[in-house]
Structures are given as C-alpha cells and as structure tokens.
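# Summary of the model geometry
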Amino acid sequence: VQLQASGGGLVQAGGSLRLSCAASGRTFSRYVMAWFRQAPGKEREFVAASGRYGGSTFSAESVKGRFTISGDNAKNTIYLQMNSLKAEDTAVYYCAADERIIQSSIRFPLQYHYWGQGTQVTVSS
C-alpha cells in the first residue's frame with residue numbers, strides 16, 4: 001500500500017489543523033492505520049491509531065481530548081483532526097499502515113511496514 005500524507009502547515013497555538021493520509025493499493029480497511037510524529041532531535045512517537053475494519057481507536061495521552069483519528073473507507077483516507085494545538089505539537093507527522101500488527105504493538109513505529117512521506121506541522125506560540 002502507498003500512503004500520501006498532506007494537510008500540514010503553520011498555525012498559532014490554540015488553532016486547528018486536519019491531516020489527511022490517502023492510501024492506494026490493497027483494501028484500506030484491512031490495515032491498522034496510525035499517525036506518528038517526530039520533532040527535531042527526538043524519536044518518532046505514537047500519536048493515534050485506528051483499528052481494522054473501523055475498529056477501536058487509540059490515542060497517546062499527550063493528545064487525548066485534542067486530536068481525533070477517523071477514516072473514510074470510500075476514499076481510502078484517514079484523518080487526524082488536531083484541535084487546541086500547542087507549540088510542543090510541532091513535528092513532522094507521518095501516517096503508517098500495517099496489515100498484521102497486533103493491538104499491543106500499535107504504539108511502536110518499527111512494527112509498521114508502510115509509511116507516508118510526512119507532513120510538517122508547526123505551531124507558533
């Protein structure tokens with residue numbers, strides 16, 4: 001599967017952005033889809049994930065109540081709605097997918113086989 005992330009940009013603290021990740025190739029709903037982010041000098045960290053076939057969603061504690069992951073099977077696209085953005089949310093955001101990953105592993109980037117190219121999100125304080 002090929003992933004194409006978009007929607008990043010520059011926003012003031014407290015603002016909102018919506019990221020999109022369009023998937024092509026195999027049946028979208030068969031994959032666990034996730035968002036990760038990586039700030040300069042830091043490791044890539046888990047943000048949110050959506051289970052197969054519209055299953056459960058999972059979020060990092062740092063974004064709960066502010067970020068929401070959702071999907072549109074008809075468009076083979078997942079979204080990350082980011083509200084109440086903070087300066088510490090500044091990072092390159094990546095979407096990822098994997099067909100075989102198990103729930104206990106969804107927070108670990110090395111478990112994902114497919115990655116998008118990343119989109120920069122910059123939050124000014």
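Look a little higher up for the structure.
### A closer look at unusual backbone geometry
- At asparagine 76, a position not held by glycine, the phi torsion is positive, near 50 degrees.
- Tracing the backbone through its elements, the reader meets asparagine 76 in the loop between β7 (67-72) and β8 (77-82).
- Asparagine 76 gets classed as partly exposed once you look at its relative accessible area, which sits at 21%.

### Let's talk about the sheet that holds strand β3 (residues 17-24)
- The four strands lie next to each other as β1-β3-β8-β7, forming an open sheet whose pairing is antiparallel. Each edge of the sheet is formed by a strand with only one pairing partner; in this case those strands are β1 (2-6) and β7. Mean inter-strand twist for the sheet, computed between neighbouring axes without regard to direction, equals 15 degrees.
- In the sheet, β7 pairs with β8 via six bridges, with the strands oriented antiparallel. Opposite serine 70, over in β8, you have tyrosine 79 as the bridge partner.

### So, the state of the cysteines
- Scanning all chains against the criterion turns up one disulfide.
- The disulfide bridge from cysteine 21 ends at cysteine 95, spanning 2.1 Å between sulfur atoms. Handedness of the cysteine 21-cysteine 95 disulfide follows from its S-S torsion of about 65 degrees: it is right-handed. In this pair, cysteine 21 sits in strand β3 while cysteine 95 sits in strand β9 (residues 91-98), placing the two residues 74 residues apart along the sequence. Of the two residues, cysteine 21 and cysteine 95, both sit in the buried class.

### Some remarks on the pattern of salt bridges
- Inspection of every chain in the model, using the stated rule, returns five salt bridges.
- Taking the shortest distance from any N to any O, the salt bridge between aspartate 89 and arginine 37 comes out at 2.9 Å. Separated by 52 residues along the polypeptide, aspartate 89 in the loop between β8 and β9 and arginine 37 in strand β4 (residues 32-38) bring together distant segments of the chain. Assigned by exposure class, aspartate 89 and arginine 37 land together as buried.
- Linking aspartate 89 and arginine 66 is a salt bridge whose minimum nitrogen-to-oxygen distance equals 2.7 Å. Taken together, the residues span a long stretch of sequence, with aspartate 89 in the loop between β8 and β9 and arginine 66 in the loop between β6 (57-59) and β7 at a distance of 23 residues. Here aspartate 89 and arginine 66 have matching classes, each one buried.
- Through salt bridges with shared partners, a single network forms among Arg37, Glu45, Arg66 and Asp89.

Thresholds, definitions, all that
Residues numbered from 1 in each chain as written. Predicted model: local features only at pLDDT ≥ 70, side-chain atom pairs only at ≥ 80, totals over all residues. Heavy atoms only, no water. Helix = DSSP H or I, 4+ residues; strand = E, 2+ residues; numbered from the N terminus. Buried < 20%, exposed > 50% of the residue type's maximum accessible area, 1.4 Å probe, protein only. Pairing = 2+ DSSP bridges. Axes fitted to C-alpha atoms, helices over the stretch in contact; angles between N-to-C directions. Disulfide = S-S within 2.5 Å. Salt bridge = Lys/Arg side-chain N within 4 Å of Asp/Glu carboxyl O.

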